[in-house]
Amino acid sequence: MQPFIMTPAYRHGAETPWGGAALRTVFGKSIPDDTTGESLEISALPGLCSRDAQGRPLDQLLREGGTAMRGTGVGQKFPLLVKLIHARERLSVQVHPDDAYAAIHEKGKLGKTEAWVVLDAAPGAQLVYGIQPGITWEQLAQAAANGRELENCLRWVPVSPGDALFIPAGTVHAIGQDILLYEIQQSSDLTYRFWDWGWRDAQGNPRALHLKQALDVSDVSLRLSPTRGVSKQVTGGNRVRLIEDRAFTLDRLEVATNMPLEDSPERFRLLTALCAGRIVCSDGALEFKPGDSLFVPASAEEINVECKGALLMAAPGVA
């Protein structure tokens, strides 16, 4: 099977009041409006499936393609979701459950471990990445019950383009304003909202909070930092391992001219281009531009990436 570019689904408007227009101005996406927060680049979520050039949704392609699409080491439930996100304003403070909690309390859904790569950010940009050192779970619970007091518990970290942030389930987090990023996550729509900065819509209505669930799953001990990854020289450039987890791996491919990818019959791969170029395999060639996301089936062979620039490559993790 040949790699193919996917057409994204979008979250926008009232769903993402914090969103902006950068997905169009930076990547040329056909976004629905100027408050489009999320481009679901490669998604099998019900109602938010990405599609191939013929308009076929990813869930259909996975059913029809079987192991040739997914690989022999990937189960029937599609495990990953790739997004591009533009935050014109800061997002709500959130936390996600792990697989065990979701299985019991969310009717068998997957949990949500994710990772971000900052693509662009205003000078001085920050985001929430965990809880301040010394804050106990009991203190967090008390602050959450008093609304705005939760803000005093949050750990803000500065970020700049190129930073990668691993966000395991249980990490309290929030994207800050004026940030454009790539996200790889488990294929799950489970988000527990801790705090929404007092935001209200035009009718004066707040969005729902999920304090019990958020407190159930929050891990105040997590102390993570942004990373630039570990670089390894390979034929045609460098391969930088940004994240390695049982849920997924994430690499930045820094291509000088032509980088061959090893065949991978056990698992598919998901490429998101940050430059223009083309991907060549035994069945032909496909041109891509910045912001394009490609599904590389497990059965694709003799794959070469031809460009001068970088791509992000995600794949299912190995337990």
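Here, every reference points to the structure presented above.
Residues numbered from 1 in each chain as written. Predicted model: local features only at pLDDT ≥ 70, side-chain atom pairs only at ≥ 80, totals over all residues. Heavy atoms only, no water.

**Let's talk about the pattern of salt bridges**
Here is step 1 of the chain: Inspection of every chain in the model, using the stated rule, returns 20 salt bridges.
Here is step 2 of the chain: Glu-41 is paired through a salt bridge with Lys-29; the nearest N and O atoms lie 2.9 Å apart. With Glu-41 in strand β3 (residues 36–42) and Lys-29 in the loop between α1 (22–25) and β3, this pair connects stretches of sequence that are twelve residues apart.
Here is step 3 of the chain: For Glu-41, a relative accessible area of 0% translates into the label buried.
Here is step 4 of the chain: Lys-29 gets classed as buried once you look at its relative accessible area, which sits at 9%.
Here is step 5 of the chain: The partner of Lys-289 in a salt bridge is Asp-292, and the shortest N-O contact between them spans 3.1 Å.
Here is step 6 of the chain: Bridged by salt links that share partners, the residues Arg-239, Arg-241, Glu-244, Asp-251 and Glu-262 form one connected network. (Salt bridge = Lys/Arg side-chain N within 4 Å of Asp/Glu carboxyl O. Helix = DSSP H or I, 4+ residues; strand = E, 2+ residues; numbered from the N terminus. Buried < 20%, exposed > 50% of the residue type's maximum accessible area, 1.4 Å probe, protein only.)

**Some remarks on the side chain of Ser-188**
Here is step 1 of the chain: With respect to the secondary-structure elements, Ser-188 resides in the loop between β11 (179–186) and β12 (192–195).
Here is step 2 of the chain: For Ser-188, the side chain forms a polar contact with the main-chain nitrogen of Leu-190, separated by 3.2 Å. (Polar contact = N/O pair within 3.5 Å; in protein donor to acceptor, adjacent residues only side chain to side chain.)

**Quick look at helix α4 (residues 137–145)**
Here is step 1 of the chain: Looking only at α4, the buried set comprises Leu-140, Ala-141, Ala-143 and Ala-144. Along the axis of α4, the buried positions cluster into a sector of 165°, meaning they face one direction only. Seen from the buried face of α4, the exposed residues on the opposite side, beyond 90 degrees, are Glu-138, Gln-142 and Ala-145.
Here is step 2 of the chain: The first or second residue beyond α4 is Gly-147, which carries a positive phi of 65°. (Arc of directions from axis to C-beta.)

**Digging into the sheet that holds strand β14 (residues 237–244)**
Here is step 1 of the chain: One open sheet holds the seven strands; their spatial order is β1-β20-β17-β22-β15-β14-β13, and the pairing between them is antiparallel. Of all the strands in the sheet, the pair left with one neighbour each is β1 (4–5) and β13 (230–234).
Here is step 2 of the chain: Judged from the seven bridges that link them, β14 and strand β15 (residues 248–255) form a sheet pairing that is antiparallel. Bridge pairing in β15 places Arg-239 opposite Leu-253. (Pairing = 2+ DSSP bridges.)

**Focus: the sheet that holds strand β2 (residues 9–12)**
Here is step 1 of the chain: The strand order across the open sheet formed by six strands is β2-β3-β4-β11-β6-β9, and the pairing between neighbours is antiparallel. Two strands bound the open sheet, and with one partner strand each, they are β2 and β9 (164–167). Between one strand axis and the next, the sheet turns through 20° on average, direction left out of account.
Here is step 2 of the chain: As judged from the eight bridges shared by strand β4 (residues 80–87) and β11, these two strands associate in the antiparallel manner. Across the sheet, the residue bridging to Leu-81 is Gln-185, located in β11. (Axes fitted to C-alpha atoms, helices over the stretch in contact; angles between N-to-C directions.)

**Notes on the side chain of Gln-186**
Here is step 1 of the chain: By the element assignment, Gln-186 lies in strand β11.
Here is step 2 of the chain: Classification of Gln-186 as buried rests on a relative accessible area of 9%.
Here is step 3 of the chain: Side-chain polar atoms of Gln-186 contact the backbone nitrogen of Lys-112, separated by 3.5 Å.
Here is step 4 of the chain: The residues contacting Gln-186, other than those within four sequence positions of it, are Pro-79, Leu-80, Leu-81, Asp-99, Leu-110, Gly-111, Lys-112, Thr-113 and Ala-247. (Contact = heavy atoms within 4.5 Å.)

**Focus on helix α2 (residues 58–70)**
Here is step 1 of the chain: The terminal C-alpha atoms of α2, which comprises 13 residues, lie only 11 Å apart, well short of the 18 Å expected from a rise of 1.5 Å per residue.
Here is step 2 of the chain: For α2, the principal kink sits at Glu-64 and spans about 85°.
Here is step 3 of the chain: Within α2, the full set of buried residues consists of Leu-58, Leu-61, Leu-62, Gly-65, Gly-66, Met-69 and Arg-70. (Expected span 1.5 Å × (residues − 1). Bend = angle between axes of the 7 residues up to and from the residue.)

**Brief notes about a negative patch on the surface**
Here is step 1 of the chain: On the surface, a cluster of negative charge is made up of Asp-263, Asp-283, Glu-301 and Glu-302.
Here is step 2 of the chain: Considering the arrangement of structural elements, one finds Asp-263 in the loop between β16 (258–261) and β17 (269–273). (Patch = residues over 30% accessible without salt bridge, like charges linked within 9 Å, V, L, I, M, F, W, Y side chains within 5 Å. Areas by Shrake-Rupley, 256 points an atom, 1.4 Å probe, with all protein chains shown as cover. Lys, Arg positive; Asp, Glu negative; His and termini not counted. Charge placed at Lys NZ, Arg CZ, Asp CG, Glu CD.)

**Remarks on the nonpolar core**
Here is step 1 of the chain: Judged by nonpolar contacts, the single largest core of 55 residues is most densely connected at Leu-58, Ile-179, Tyr-182, Ile-184, Leu-250 and Phe-295.
Here is step 2 of the chain: Top contributing element to this core by residue count: strand β6 (residues 114–121), with six residues.
Here is step 3 of the chain: Excluding its chain neighbours within four sequence positions, the residues that come into contact with Leu-58 are Met-6, Ile-42, Ser-43, Ala-44, Cys-49, Ser-50, Met-69, Phe-78 and Phe-295.
Here is step 4 of the chain: Core analysis: the second largest hydrophobic core is formed by 23 residues, Phe-194, Trp-197, Ala-214 and Val-220 among them. (Core = buried A, V, L, I, M, F, W, Y, C linked by side-chain atoms within 4.5 Å.)

**Brief notes about the environment of Leu-286**
Here is step 1 of the chain: Among the secondary structure elements, Leu-286 is positioned in strand β19 (residues 284–288).
Here is step 2 of the chain: Overall, Leu-286 belongs to the partly exposed group, its relative accessible area being 23%.
Here is step 3 of the chain: When the C-alpha atoms of Leu-286 and Phe-4 are compared, they prove to be 7.5 Å apart, with 282 residues separating the residues in sequence.
Here is step 4 of the chain: The contacts of Leu-286, once residues within four sequence positions are left out, are Pro-3, Phe-4, Ile-5, Gly-277, Arg-278, Ile-279 and Leu-294.

Fair warning: the whole summary comes from geometry, so function is off the table for now.
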